[in-house]
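Now for the letters of each chain:
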Amino acid sequence: MTDKKVRVRFAPSPTGGLHLGGVRTVLFNYLFAKKHHGDFVLRIEDTDQTRYVEGAEEYILDCLKWCGLQPDESPVVGGPYAPYRQSERKALYREYAERLVMQGHAYYAFDTPEELDKNRKEIPNFQYGQVYRDGLRNSLSLPQHEVDALLDAGTPHVIRIKMPADETISFNDLIRGHVSFETNQVDDKVLLKADGIPTYHLAVVVDDYLMKISHAFRGEEWLPSAPVHLLLWDYLGWKADMPKWAHLPLILKPDGHGKLSKRDGARLGFPVYAMNWFDAKTGELTPGFRELGFLPEAFLNLLATLGWNDGTDQELFTLDELIEKFSLERVSKAGAKFDFEKAKWFNAEWIKKSEAQSLKSDVSTILAEKGIVVTDDAKLLSVINLVKERCVLLPDFYQQAGFFFEQPKTYDLNAVQPKWTDAKVDFFNALTALLNSSAADLEAHSFEEAFKALMEEKALKAGDVMLPFRIMLVGGKFGPHVFDIAAILGRQETISRIAKALDAFSSPA
């Protein structure tokens, strides 16, 4: 590691929901920073006001809070390099763009959108760059007096970088190694738009320099922009302070063909956003992992394994373990296929691992949404411990735990009535009498022994009465060990459910 303090940043645009690829970028930044006792910075890149969406910044902050990836510096918590919204730093950028023009590394371009559209239609693969720039309306092709006159008149213009001809630009990527680009393949990107707002290319370089960012992690889709950024670091005289770069592998569709998108999730039936995102402009609700019933620990765990492994067979990691084990050397160059079944496996394993107390709030909320208000915390904790191994997603707790707090509304009569007999009615009447004969708390093991003794006395087999008893208590063929269920329900509630079910079982099919 360099002696320079580790400072990393996540710089999203507030334009919509937060894709799981974005959260993985946050996670890798966060793990790297914490491993090296550095700072994790959240910077909002809101310079493109045409794409700005109301509420998106708050949504991003809420996502990071849910994931437990809280930034050390941000628009909310502040920090020594504030402001952390690009829209509040607008005055900074023109100074640097104008400096590049003065040095001959950038130029004014006065072409109208209509003129550019005409060129794109008439010239195949048109790019504003070294091939065509001399024939366009800019300060490289026009006489200086005409340029001055246009500027004095306030003629709308942009500032573009002047890409050099016939050069090879290289850098060392912390994941991909040596990477090179030919400048002839890169067009003259806009650095400052006509309204004075910087583009990503200029703003990211200026902000990373001023905020002393030491390492920049971003998706591999940004690789084509690297030569522009490399040149800007050089042209502005900051090359020695340029952060080390790592371009992360893409998260791919389940079939491995192409980057995973929101449309893929909608088509295949799984979320690709961290949390539900409602677009007020379109009225569209895009589902998220949180609302589907994922624990944040499971969500982070699955993201960490999309493109990284620790070199062992370990799959479940706490956040502290990820911080300890994370290294860029173990990040793959190749894209990682998203597997929703594996994602659900992570969640099921984390539900099993979790203490009942940590699940209590979520489970209470899920039950309350179904009209079940739980007032007995001790009972709820016992139920969670009993059923959590049966739950894959948090809403599964309703089916697996709801019947502990309300009697079944329906019964799986098809599983009972075809083989229902007077002998079974007699057995459950006798079981009720047995339960009524004691006032002591019901204990699972002793009740099971008494149940089986009565079975033998009545010359019945387990297959005759165990399934009907389960359906009496829960309504269907599911749930944990039936005597554990009865013990938590208690003696009187068990008696009540037997009586109610006997009436239902004896009714005509």
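Preceding this paragraph is the structure being described.
Residues numbered from 1 in each chain as written. Predicted model: local features only at pLDDT ≥ 70, side-chain atom pairs only at ≥ 80, totals over all residues. Heavy atoms only, no water.

A. Here's a closer look at the nonpolar core. Core analysis: the biggest nonpolar cluster contains 111 residues, and Leu20, Phe299, Phe338, Phe428, Leu431 and Phe469 have the highest contact counts within it. For this core, the element with the highest residue contribution is helix H1 (residues 20-35), accounting for nine residues. Apart from residues no more than four positions distant in its own chain, phenylalanine 338 is found in contact with Leu20, Ile251, Leu252, Lys253, Pro254, Leu260, Phe270, Phe289, Leu302, Leu306 and Ala343. Counting residues in hydrophobic clusters, the runner-up holds 39 residues, among them Val179, Val228, Leu232 and Trp233. (Core = buried A, V, L, I, M, F, W, Y, C linked by side-chain atoms within 4.5 Å. Buried < 20%, exposed > 50% of the residue type's maximum accessible area, 1.4 Å probe, protein only. Helix = DSSP H or I, 4+ residues; strand = E, 2+ residues; numbered from the N terminus. Contact = heavy atoms within 4.5 Å.)

B. The arrangement of helix H19 (residues 482-489) in detail. For H19, the set of buried residues is Val482, Phe483, Ile485, Ala486 and Leu489. Projected down its long axis, H19 shows its buried positions confined to an angular sector of 150 degrees, all on one face. For H19, the secondary structure elements touched by its buried residues are helix H14 (377-387), helix H17 (444-457), helix H18 (462-474) and helix H20 (491-506). Positive backbone phi, approximately 95 degrees, marks glycine 490, located one or two places after H19. (Arc of directions from axis to C-beta.)

C. Structural view of H14. Residues of H14 that are buried: Leu380, Val383, Ile384 and Val387. In a view along the axis of H14, the buried residues occupy a sector of 100 degrees, so they form one face of it. For H14, the secondary structure elements touched by its buried residues are helix H13 (356-369), helix H15 (396-401) and H19. Looking at where H14 begins, the residue whose side-chain oxygen comes 3.2 Å from the main-chain nitrogen of alanine 378 is aspartate 376. (Polar contact = N/O pair within 3.5 Å; in protein donor to acceptor, adjacent residues only side chain to side chain.)

D. Summary view of the environment of alanine 486. When you line up the elements, alanine 486 lands in helix H19. A relative accessible area of 0% means that alanine 486 is categorised as buried. Discounting residues that sit within four places of it in the chain, alanine 486 has contacts with Leu442, Phe447, Phe469, Leu473 and Thr494.

E. Structural detail: the packing of aromatic side chains. Scanning all chains against the criterion turns up 38 aromatic pairs. Ring geometry for phenylalanine 447 against phenylalanine 483: centres 5.5 Å apart, planes inclined by 80 degrees, an arrangement best described as edge-to-face. With phenylalanine 447 in helix H17 and phenylalanine 483 in helix H19, this pair connects stretches of sequence that are 36 residues apart. In this structure phenylalanine 447 comes out as buried when scored by relative accessible area, which is 5%. Given the relative accessible area of 0%, phenylalanine 483 is considered buried. Among the aromatic side chains, those forming a connected cluster through ring pairs are Tyr411, Trp420, Phe427, Phe428, Phe447, Phe451, Phe469, Phe483 and Phe505. Looking at arginine 160, its charged tip hangs above the ring of tyrosine 128, at a distance of 3.8 Å from the centre. Sitting over the ring of tyrosine 398, lysine 370 keeps its end group 5.2 Å from the ring centre. (Phe/Tyr/Trp six-rings, centres within 6.5 Å; stacked < 30°, edge-to-face > 60°. Lys NZ or Arg CZ within 6 Å of the ring centre and 35° of its normal.)

F. Focus on the sheet that holds strand S7 (residues 190-192). Judged by pairing direction, the sheet is antiparallel, and its three strands sit side by side in the order S3-S4-S7 without closing on themselves. Looking at which strands have only one partner, the edges of the open sheet turn out to be strand S3 (106-109) and S7. For this sheet, the mean inter-axis angle between neighbouring strands, taken without regard to orientation, is 45 degrees. Across four bridges, S3 lies against strand S4 (residues 158-161) in antiparallel orientation. Opposite alanine 106, over in S4, you have isoleucine 161 as the bridge partner. (Pairing = 2+ DSSP bridges. Axes fitted to C-alpha atoms, helices over the stretch in contact; angles between N-to-C directions.)

G. Fine view of unusual backbone geometry. In this model, alanine 82 is joined to proline 83 through a cis peptide bond whose omega is 0 degrees. Summarising the element assignment, proline 83 is placed in the loop between helix H2 (56-67) and helix H3 (90-103). Positive phi values are uncommon outside glycine, yet asparagine 125 reaches one of about 55 degrees. One non-glycine residue with positive phi stands out, namely alanine 459, at about 60 degrees.

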